Amino acid sequence: EAAMAEFVDHFRGRIFGLCWRMLGQREDAEDMAQETFVRALKNLHRWDPTRQMEPWLLAIAGNRCRSLLAVRMRRPAPAPLIAEVAHERPDETAADNLGEAVRLALLQVRPEYREAFILFHEQELSYAEIAEAMQRPLGTVKTWIHRGRSELIERLRDRGVLEETRYAVRQV
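Note that the structure is predicted; figures quoted are calculated from it, not measured.

Draft legend 1. Local environment of the overall build of the protein chain. Helix and strand counts for the protein chain come out as 7 helices and 0 strands. Secondary structure of the protein chain in N-to-C order comes out as α-α-α-α-α-α-α. Taken over 172 residues, the protein chain has a buried fraction of 37%. Looking at the protein chain alone, contacts between residues at least 24 apart form 66% of all its contacts between residues at least 6 apart.

Draft legend 2. The arrangement of the packing of aromatic side chains in detail. Tallied over the full model, the rule gives 4 aromatic pairs. Here Tyr 113 and Trp 144 contribute two aromatic rings whose centre-to-centre distance is 6.3 Å and whose plane-to-plane angle is 50 degrees, an arrangement assigned as tilted. Linking Tyr 113 in helix 5 (residues 111-121) with Trp 144 in helix 7 (residues 138-158), this pair joins segments that are 31 residues apart in sequence. Through a chain of ring-to-ring contacts, three or more aromatic side chains come together here, namely Phe 7, Phe 11 and Phe 37.

Draft legend 3. Focus on the nonpolar core. Judged by nonpolar contacts, the single largest core of 45 residues is most densely connected at Ile 15, Cys 19, Leu 57 and Ile 130. Excluding residues that lie within four positions of it along the chain, Cys 19 makes contacts with Gly 24, Ala 29, Met 32, Ala 33, Ala 61 and Cys 65.

Draft legend 4. Region of the structure containing the state of the cysteines. On inspection of all chains with the given rule, the structure shows 0 disulfides. The thiol of Cys 19 is not disulfide-bonded; the next cysteine sulfur, from Cys 65, is found 3.5 Å away. Since its relative accessible area comes to 0%, Cys 65 is described here as buried.

Draft legend 5. Seen up close, the pattern of salt bridges. Tallied over the full model, the rule gives 13 salt bridges. Across the pair Asp 9 and Arg 12 runs a salt bridge, and its minimum N-O distance is 2.6 Å. Here Asp 9 pairs with Arg 12, and both are found in helix 1 (residues 2-23), just 3 residues apart, close to one helical turn. Note on Asp 9: relative accessible area 49%, which makes it partly exposed. For Arg 12, a relative accessible area of 44% puts it in the partly exposed group.

Draft legend 6. Geometry of the environment of Phe 37. Here Phe 37 lies in helix 2 (residues 26-42). A residue is classified by how much of its surface remains accessible, and Phe 37, at 6% relative accessible area, is buried. Excluding residues that lie within four positions of it along the chain, Phe 37 makes contacts with Phe 7, Val 8, Phe 11, Arg 12 and Ile 15.

Draft legend 7. Spotlight on the packing of helix 6 (residues 127-134) against helix 7. Where helix 6 contacts helix 7, the axes come no closer than 9 Å and their chain directions differ by 100 degrees. As judged from the angle between their axes, helix 6 and helix 7 are roughly perpendicular. Residues Tyr 127, Ala 128, Ile 130, Ala 131 and Met 134 of helix 6 lie in contact with helix 7, whose contacting residues are Leu 138, Val 141, Lys 142, Trp 144, Ile 145 and Arg 149. Taken together, the residues that form the contact of helix 6 with helix 7 break down as 9 nonpolar, no polar and 2 charged.

Draft legend 8. Representation of unusual backbone geometry within the structure. Within the chain, Glu 124 stands out as a residue other than glycine whose phi angle is a positive 55 degrees. The residue Glu 124 is located in the loop between helix 5 and helix 6 in this model. For Gln 135, which is not glycine, the phi dihedral falls at a positive 55 degrees. Looking at the secondary structure, you find Gln 135 in the loop between helix 6 and helix 7.

Draft legend 9. Geometry of the confidence of the model for the protein chain. When pLDDT is averaged along the protein chain, the result is 83; 83% of the residues meet or exceed 70. Confidence, read as mean pLDDT per element, is least for helix 4 (residues 94-107) in the protein chain (77) and greatest for helix 2 (93).

Rules used throughout
Residues numbered from 1 in each chain as written. Predicted model: local features only at pLDDT ≥ 70, side-chain atom pairs only at ≥ 80, totals over all residues. Heavy atoms only, no water. Helix = DSSP H or I, 4+ residues; strand = E, 2+ residues; numbered from the N terminus. Buried < 20%, exposed > 50% of the residue type's maximum accessible area, 1.4 Å probe, protein only. Contact = heavy atoms within 4.5 Å. Phe/Tyr/Trp six-rings, centres within 6.5 Å; stacked < 30°, edge-to-face > 60°. Core = buried A, V, L, I, M, F, W, Y, C linked by side-chain atoms within 4.5 Å. Disulfide = S-S within 2.5 Å. Salt bridge = Lys/Arg side-chain N within 4 Å of Asp/Glu carboxyl O. Axes fitted to C-alpha atoms, helices over the stretch in contact; angles between N-to-C directions. Parallel < 35°, antiparallel > 145°, perpendicular 65-115°, else oblique. Nonpolar A, V, L, I, M, F, W, Y, C, P; charged D, E, K, R; others polar. pLDDT = per-residue confidence, 0-100.

Laid out in structure tokens, this is it:
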């Protein structure tokens, strides 16, 4: 039990971070992170000890998140019970607003691009580690990261966060 607790404590932050960024909802991210550890511990005998543990865990987490996203896509959108009330928070800073805009825009990026983007920019994994975690060729991962950046910039432009001419991204 102590070894399992130490195992979970060691990887919890990175696994939860990936899940939260992919799903955008804390409760779902907590559920998928927990499910990742349950699956990893049940299937520990399948892990190749010659390879690093973290990409294997991130692959499991990414698969769990993509599965949940697929289920979400099939569900009808919920209708709000009450109208949203606009409210201003006087202590909001420009950085908070930008962070929220980026988070919301990132949720609109294609899931596989978003996962590769998060693994590279937030988890700071190498291209090779991402390719291993996502079980995709290295070239595909590089393309997905580039496309994730491009989609994120486009979503931020759509939201009026970025000016049209300031942030040009080369098309591949």
